[in-house]
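Observations on the model geometry
Here is what each chain is made of, one letter per residue.
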Amino acid sequence: MAAEPLCRHCKAKDIITAAVTPDHIIPLFKGGLAEDGNIQCLCKSCHDIKTAKDLGTFPHRQQAEIGADGWRIG
Ligand SMILES: [Zn+2]
């Protein structure tokens, strides 16, 4: 975040927006790595859009409820 204070997606469109959240370029659930090279900083709206896209292109995943003991409920 300190190294990249501006939203990368907005910057690509010549819009200057403060980044508020680090984002995994390749989501972890798609096999992305939790390392700096896979992190970009985005503003809230770009992050929301990207997350929706990430989830939208991924095969439907059942949202299971997780109990306090870490096991699925039901
Ligand atoms: Zn943005």
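Residues numbered from 1 in each chain as written. Predicted model: local features only at pLDDT ≥ 70, side-chain atom pairs only at ≥ 80, totals over all residues.

Section: the overall build of the protein
Quick reminder of the rule: Only DSSP runs of H or I with at least four residues qualify as helices, and only runs of E with at least two residues qualify as strands; both kinds are numbered from the N terminus onward. Any residue with 12 or fewer other C-beta atoms within 10 Å of its own C-beta is exposed, any with 20 or more is buried, and the rest are partly exposed; the C-beta atoms used are placed from the backbone. Whether two residues are in contact depends on their C-beta atoms, placed from the backbone: they are in contact if these lie within 7 Å.
Per the secondary structure count, the protein includes two helices and two strands. Written out in order from the N terminus, the α and β elements of the protein read α-β-β-α. Relative to its 74 residues, the protein shows a buried fraction of 9%. Residue pairs at least 24 apart in sequence account for 35% of intrachain contacts in the protein once pairs closer than 6 positions are excluded.

Some points on unusual backbone geometry
The residue Asp14 is not glycine, and still its phi comes out positive at about 60°. With respect to the helices, strands and loops of the structure, Asp14 is situated in the loop between helix 1 (8-12) and strand 1 (21-24). Judged by the 6 C-beta atoms lying within 10 Å of it, Asp14 is exposed.

As for the nonpolar core
Stated precisely, the cut-off is as follows: In this usage, the nonpolar core is the set of buried Ala, Val, Leu, Ile, Met, Phe, Trp, Tyr and Cys residues whose C-beta atoms join them within 7 Å.
Within the largest apolar cluster, six residues are counted, these being Cys7, Ala19, Cys41, Leu42, Cys43 and Cys46. Excluding anything up to four places from it in sequence, Cys46 contacts Cys7, His9 and Cys10.

Examining the environment of Glu4
Mapped onto the fold, Glu4 is located in the segment before helix 1. The exposure class of Glu4 is partly exposed, given the 14 C-beta atoms found within 10 Å. In sequence terms Glu4 and Ala19 are 15 residues apart; their C-alpha atoms lie 7.8 Å from each other. Beyond its immediate stretch of four places on either side in the chain, Glu4 contacts Ala19 and Cys41.

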